[in-house]
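Below, each chain spelled out in residue letters.
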Amino acid sequence: MDSNTIIQIVVQVIAGIIGGQAVGAALKQAAMGQLTKILGGAIGGVGGAAILGSLLGGGGVDAAAASGGIGSALDLKNLLGGVGGGAILTGIIGAVMNAMKK
């Protein structure tokens, strides 16, 4: 793995944690701890960015990706996919934990 790939994964994880924390704050009735929200957001962020990247056609190389650096990591696929994936997975975990509580 090169440094550009690592930077993209870090951006996806951070965006996923932000999405997971947002959903965790909105779902106060689900008894989720911080670790659950962080892990759910991080895993969902990487998965969501990968899914969005494949749907939007991640096969092409653009100028920012070819030059590498932080510019290619802060693209729409990484940010929106990360936040959305983190929020969705954390929401699913919260709903399952809430259903198990009953």
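That block above? That's the structure.
Residues numbered from 1 in each chain as written. Predicted model: local features only at pLDDT ≥ 70, side-chain atom pairs only at ≥ 80, totals over all residues. Heavy atoms only, no water.

Participant: Can you explain the packing of helix 2 (residues 34-55) against helix 5 (residues 76-101)? Please cite residues and give values.
Facilitator: Contact geometry for helix 2 and helix 5: axes closest at 6 Å, N-to-C directions at 130 degrees. In terms of axis orientation, helix 2 runs oblique to helix 5. The way helix 2 lies across helix 5 gives a crossing that is right-handed. Within the contact between the two elements, helix 2 uses T36, K37, G40, G41, I43, G44, G45, G48, A49, L52 and G53 and helix 5 uses L76, K77, N78, L80, G81, G82, G85, G86, L89, T90, I93 and M97. Residues belonging to the contact of helix 2 with helix 5 are distributed by class as follows: 8 nonpolar, 13 polar and 2 charged. (Axes fitted to C-alpha atoms, helices over the stretch in contact; angles between N-to-C directions. Helix = DSSP H or I, 4+ residues; strand = E, 2+ residues; numbered from the N terminus. Parallel < 35°, antiparallel > 145°, perpendicular 65-115°, else oblique. Left-handed = near helix turned anticlockwise from the far one by under 90°. Contact = heavy atoms within 4.5 Å. Nonpolar A, V, L, I, M, F, W, Y, C, P; charged D, E, K, R; others polar.)

Participant: Please give an account of a nonpolar patch on the surface that cites residues and values.
Facilitator: A surface patch of nonpolar side chains, about 710 Å² in accessible area, is lined by M1, I6, I9, V10, I14, I18, V46 and V83. The dominant element in the nonpolar patch, judged by the number of residues it contributes, is helix 1 (residues 3-26), at 5 residues. The topology assignment puts V10 in helix 1. (Patch = residues over 30% accessible without salt bridge, like charges linked within 9 Å, V, L, I, M, F, W, Y side chains within 5 Å. Areas by Shrake-Rupley, 256 points an atom, 1.4 Å probe, with all protein chains shown as cover. Salt bridge = Lys/Arg side-chain N within 4 Å of Asp/Glu carboxyl O.)

Participant: Any details on helix 2? Residues and values, ideally.
Facilitator: In an α-helix there are 3.6 residues to a turn, and that puts residues three or four apart on one side. The end-to-end C-alpha distance of helix 2, which contains 22 residues, comes to 31 Å, matching closely the 32 Å that a straight helix rising 1.5 Å per residue would cover. The set of residues buried in helix 2 consists of K37, G40, G41, A42, G44, G45, G48, A49 and G53. On the buried face of helix 2, the contacting elements are helix 1 and helix 5. (Expected span 1.5 Å × (residues − 1). Buried < 20%, exposed > 50% of the residue type's maximum accessible area, 1.4 Å probe, protein only.)

Participant: Please give an account of the packing of helix 1 against helix 2 that cites residues and values.
Facilitator: Interaxial distance between helix 1 and helix 2 falls to 6 Å at its minimum, and their mutual angle equals 130 degrees. By the criterion of interaxial angle, the relationship of helix 1 to helix 2 is oblique. Between helix 1 and helix 2 lies a crossing whose hand is right-handed. Across from I9, Q12, V13, G16, I17, G20, Q21 and G24 in helix 1, the residues of helix 2 making contact are Q34, K37, I38, G41, A42, G45, V46 and A49. Across the contact of helix 1 with helix 2, the residue classes tally to 7 nonpolar, 8 polar and 1 charged.

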